[in-house]
Amino acid sequence: MPTDSPATSSTPLPLRLRDLLNHLEAGLLEREHAVRLALLAATRLALQAGDDELALAAATSHAAVAGIELSHYDEGAGWLQIADGLAARLPAGREHVALTRTACNFLNDRGELDAARPHCERSLQLAESLEGPDSLATTGALLGLANNNILRLDPVTSQFSIIPLNHQTYGINVDRAGHLYVNGWTSARISRLNLATAAIEWNIAAPTEGRGIVVTEDGDFWTANSGPGQVNRFS
């Protein structure tokens, strides 16, 4: 048997389920259908074992896979409701950080930016209080909060300032003239900011699902758009 396979049936159930979740998160099960079935089984077995914390982790993972990775929004919303119910039965802990971050990312991905913001802010609060301001969890929460904002770090004070764009943010790049370009993913927008003043100079409509963005020497900028399968040039 490979050394990286899940624990055998002689291992106590909660440990076996935790091992299964770790394997899923590490990408050892690559087929989407297999991942979803495994998460469903993990949730059911965790509930049967009376382990609400593990059930919460499995339900949260299922919401992320179904609702974010696969864009099955109704299914993802259902799993978030199940996870919310489990979270209400537990004291605040690491799984609550994961849940609030998943809800933040799910609603941002769905384009519901106003609904996402309280979850993003709650995720950051929990991560800072439970894991510390310099933790990976806090960094992840900041990334979630940045989904419709730009975060600017002052290297002297180590403090972030938030620049709201009112659209999703994905790829960013700069030109030699001191401008920052931001591609807007499913918001189908592109913004340009002045690096010196942080002012938004313009915001234009663009093809949907814009991810990467690059500026060339001639001043044109190019975007990669995953949904349409396009590369677009703006002059």
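One can find the structure itself at the top, above this paragraph.
Parameters at a glance
Residues numbered from 1 in each chain as written. Predicted model: local features only at pLDDT ≥ 70, side-chain atom pairs only at ≥ 80, totals over all residues. Heavy atoms only, no water. Pairing = 2+ DSSP bridges. Helix = DSSP H or I, 4+ residues; strand = E, 2+ residues; numbered from the N terminus. Axes fitted to C-alpha atoms, helices over the stretch in contact; angles between N-to-C directions. Polar contact = N/O pair within 3.5 Å; in protein donor to acceptor, adjacent residues only side chain to side chain. Contact = heavy atoms within 4.5 Å. Disulfide = S-S within 2.5 Å. Buried < 20%, exposed > 50% of the residue type's maximum accessible area, 1.4 Å probe, protein only. Core = buried A, V, L, I, M, F, W, Y, C linked by side-chain atoms within 4.5 Å. Salt bridge = Lys/Arg side-chain N within 4 Å of Asp/Glu carboxyl O.

Novice: If you had to explain the sheet that holds strand 6 (residues 200–205) to someone new, which residues and values would you point to?
Specialist: The strand order across the open sheet built from four strands is 3-4-5-6, with neighbouring strands paired in antiparallel fashion. The open sheet has two edge strands, strand 3 (172–174) and strand 6, and neither has a second partner. In this sheet, neighbouring strand axes are inclined to one another by 15 degrees on average, regardless of whether the strands run parallel or antiparallel.

Novice: Quick rundown of the sheet that holds strand 8 (residues 221–225)? Include the residues and the values.
Specialist: Ordered by their spatial adjacency, three strands build an open sheet running 7-8-9, and the pairing between neighbours is antiparallel. Edge positions in the sheet fall to strand 7 (210–215) and strand 9 (230–234), since each of these pairs with one other strand and no more. Between one strand axis and the next, the sheet turns through 20 degrees on average, direction left out of account. Sheet analysis places strand 7 next to strand 8, joined by four bridges and oriented antiparallel. Across the sheet, V215 pairs through a bridge with F221, a residue of strand 8.

Novice: I'd love a proper account of the side chain of R192, names of residues and values included.
Specialist: Locating R192 in the fold gives a position in strand 5 (residues 189–194). A polar atom in the side chain of R192 sits 3.5 Å from the side chain of Y181. Once you skip the residues sitting within four places of it in the chain, R192 turns out to touch H179, L180, Y181, A199, I200, E201 and W202.

Novice: Please give an account of the state of the cysteines that cites residues and values.
Specialist: The tally for this structure, following the rule as stated, stands at one disulfide. For C104, the disulfide goes to C120, at an S-S distance of 2.0 Å. Handedness here is read from the sign of the S-S torsion; for C104 and C120, about 85 degrees, the answer is right-handed. Within this pair, whereas C104 is found in helix 5 (residues 94–109), its partner C120 is found in helix 6 (residues 113–130), the two being separated by 16 residues in sequence. The burial state of C104 is the same as that of C120; both residues are buried.

Novice: Report on the nonpolar core, specifying residues and quantitative values.
Specialist: Membership of the largest hydrophobic core comes to 25 residues, with the highest contact counts inside it found for L56, L80 and L99. Every element with two or more residues in this core is listed here: helix 3 (52–69), helix 4 (73–87), helix 5, helix 6 and helix 7 (136–145). Sort the elements by how many residues they give to this core and helix 5 lands first, with six residues. Other than its neighbours up to four places away in sequence, L99 contacts L56, T60, L80, A83, D84 and A87.

Novice: An account of the pattern of salt bridges is requested, with residue identities and associated values reported.
Specialist: Between side chains of opposite charge, a pair can form as their charged atoms come close. For the structure on display, the rule yields nine salt bridges. Here D74 and R110 are joined by a salt bridge, their closest N and O atoms 3.7 Å apart. Of this pair, D74 sits in helix 4 while R110 sits in the loop between helix 5 and helix 6, and the two are 36 residues apart along the sequence. Assessed through its relative accessible area of 32%, R110 is described here as partly exposed. Across the pair D220 and R233 runs a salt bridge whose closest N-O atoms are separated by 2.9 Å. Separated by 13 residues along the polypeptide, D220 in the loop between strand 7 and strand 8 and R233 in strand 9 bring together distant segments of the chain. Residue R233 is classed as partly exposed on the basis of its relative accessible area of 48%.

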